[in-house]
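Here's the letter readout for the chains.
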Amino acid sequence: MENENAGRHPRAFLERLLRSRSGRFGLSLVLILVLLPLLAPLVVPFSPLEMNRGDEFVPPSARYIFGTDQFGRDIFTRVLYGGRTSLLVGFGSIGVAALIGVGTGILAGYVLGMVDSAIMRLWDVLLAFPNIFLGIAVVAVLGPGQLVSALAIAAMNMPYFSRIARAAVIAEKEKEYVEAARAMGASDGRIVFMSLLPNTIPPLLAQIAIAIPRAILLEASLSFLGLGTQPPNPSWGNMLDDSRDFLWRAPWYGLYPGLALFLLVLALIFLANAIRDLLDPTLQNIE
């Protein structure tokens, strides 16, 4: 019963999430890794594009705590500003995917019939392609860049959100509280937004927590291949790509963007697992 109430009330769900050890760890680490890039102008003394002649490949030191690259640029600064890019693409693309996916999923689940079939067949087509190949195809057609890679990642994730929302609506729309609202004369729009939509939030939160690290990794992969964020603007993916030629000369070059990417993905996985555990009644202790 407690798990069901957590699913119906977002505030109760958040309170239970914060009582979970993995939930607290994941959420705390995510907040740190999000706040540091956002506060980058206040934290670092350099510009991410600033070249310091004579300071090429300086190892980590008091002045350059993560060292410098082949142009004398401060790697710590570029990691923080690169985090902005990765976070913006990751969170932004999943936000767009959730908005469109949930909207189409609710429409398909509530109306059913031909509308449902048309929407689901569209998503089946997208799901037929491996994510990285679909991303490369979109970027190849529209051209490389941060916005295009974000749109490609959003398109890849829409089917998952749509299917989750559709399943939740189908499960809920025949329940007594929905029938009561309909009997009292509530419009379809009010039933959808006031009764059905709130009950899709917890499973969607779990999908968001799972999708964001995948999106960030995919953005890094596209940037690594030269199809995402373009130099000299930093992202964790293109920093890892640039560091390949200097692994022996400057091993710190690729270490820190890789570590930042690893920690963010790890934190989001912990958060996703905590949300999944709260939503799965078989994993709850029966009191």
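Just so it is clear, the model here is predicted, and its values are computed rather than measured. (Residues numbered from 1 in each chain as written. Predicted model: local features only at pLDDT ≥ 70, side-chain atom pairs only at ≥ 80, totals over all residues. Heavy atoms only, no water.)

Engineer: Please clarify how the overall build of the protein should be interpreted in this entry.
Structural biologist: Along the protein, the regular secondary structure elements total 13 helices and zero strands. Its helices and strands taken in sequence order, the protein reads α-α-α-α-α-α-α-α-α-α-α-α-α from the N to the C terminus. A principal-axis box enclosing the C-alpha atoms of the protein has dimensions of 75 × 50 × 30 Å. Split into buried and exposed, the 287 residues of the protein put 46% on the buried side. Approximately 14,700 Å² of the protein is accessible, and the part contributed by carbon and sulfur atoms is 68%. (Helix = DSSP H or I, 4+ residues; strand = E, 2+ residues; numbered from the N terminus. Buried < 20%, exposed > 50% of the residue type's maximum accessible area, 1.4 Å probe, protein only. Areas by Shrake-Rupley, 256 points an atom, 1.4 Å probe, with all protein chains shown as cover.)

Engineer: Hey, could you run me through unusual backbone geometry in this one?
Structural biologist: The peptide bond linking Pro231 to Pro232 adopts the cis configuration, its omega dihedral lying at 5 degrees. With respect to the secondary-structure elements, Pro232 resides in the loop between helix 11 (201–224) and helix 12 (236–243). Phi at Phe57 is positive, roughly 55 degrees, even though this residue is not glycine. Tracing the sequence through the fold places Phe57 in the loop between helix 4 (40–43) and helix 5 (75–111).

Engineer: Mind showing me how you'd approach the pattern of salt bridges here?
Structural biologist: Where charged atoms of side chains with opposite charge meet at close range, the side chains can pair. Going through the model one piece at a time under the given rule, you end up with six salt bridges. Across the pair Asp116 and Arg166 runs a salt bridge, and its minimum N-O distance is 2.7 Å. Note that Asp116 is positioned in helix 6 (residues 113–127) and Arg166 in helix 8 (residues 146–172), a separation of 50 residues in sequence. A salt bridge links Arg121 to Asp124, with the shortest nitrogen-to-oxygen separation between them at 2.9 Å. One end of the pair, Arg121, and the other, Asp124, are both in helix 6, three residues apart, so they sit about a helical turn from each other. Overall, the relative accessible area of 48% leaves Arg121 in the partly exposed class. Here the salt bridges share partners, and the residues they tie into one network are Asp69, Arg73 and Arg78. (Salt bridge = Lys/Arg side-chain N within 4 Å of Asp/Glu carboxyl O.)

Engineer: Even after reading the chapter, I still don't get the side chain of Ser86, so can you show me in this structure?
Structural biologist: For Ser86, the position within the fold is in helix 5. Polar side-chain contacts of Ser86 include one of 3.4 Å to the side chain of Glu219. Setting aside residues up to four positions removed in sequence, Ser86 forms contacts with Ile216, Glu219 and Trp236. (Polar contact = N/O pair within 3.5 Å; in protein donor to acceptor, adjacent residues only side chain to side chain. Contact = heavy atoms within 4.5 Å.)

Engineer: For this particular structure, what's the right way to read the nonpolar core?
Structural biologist: Generally speaking, soluble globular proteins have nonpolar side chains that are buried together. If you look at the biggest cluster of nonpolar residues, it comprises 59 residues, and the most contacted ones within it are Ile75, Val79, Phe161, Leu196, Ile216 and Leu264. Sort the elements by how many residues they give to this core and helix 5 lands first, with 14 residues. Ignoring anything within four residues of it in the chain, the contact list for Val79 reads Phe66, Trp236, Met239, Tyr256, Pro257 and Ala260. Residues Phe13, Ala272, Ile275 and Leu278 belong to the second largest nonpolar core, which totals nine residues. (Core = buried A, V, L, I, M, F, W, Y, C linked by side-chain atoms within 4.5 Å.)

Engineer: Could you clarify how one ought to interpret helix 12 in this entry?
Structural biologist: Along an α-helix, residues three or four apart share an orientation, since each turn contains 3.6 residues. Judged by how many residues are buried, helix 12 sits mostly within the fold: six of eight residues are covered. All buried positions along helix 12 are accounted for by Trp236, Gly237, Asn238, Met239, Asp241 and Ser243. Where helix 12 is buried, its residues meet helix 5, helix 11 and helix 13 (252–279).

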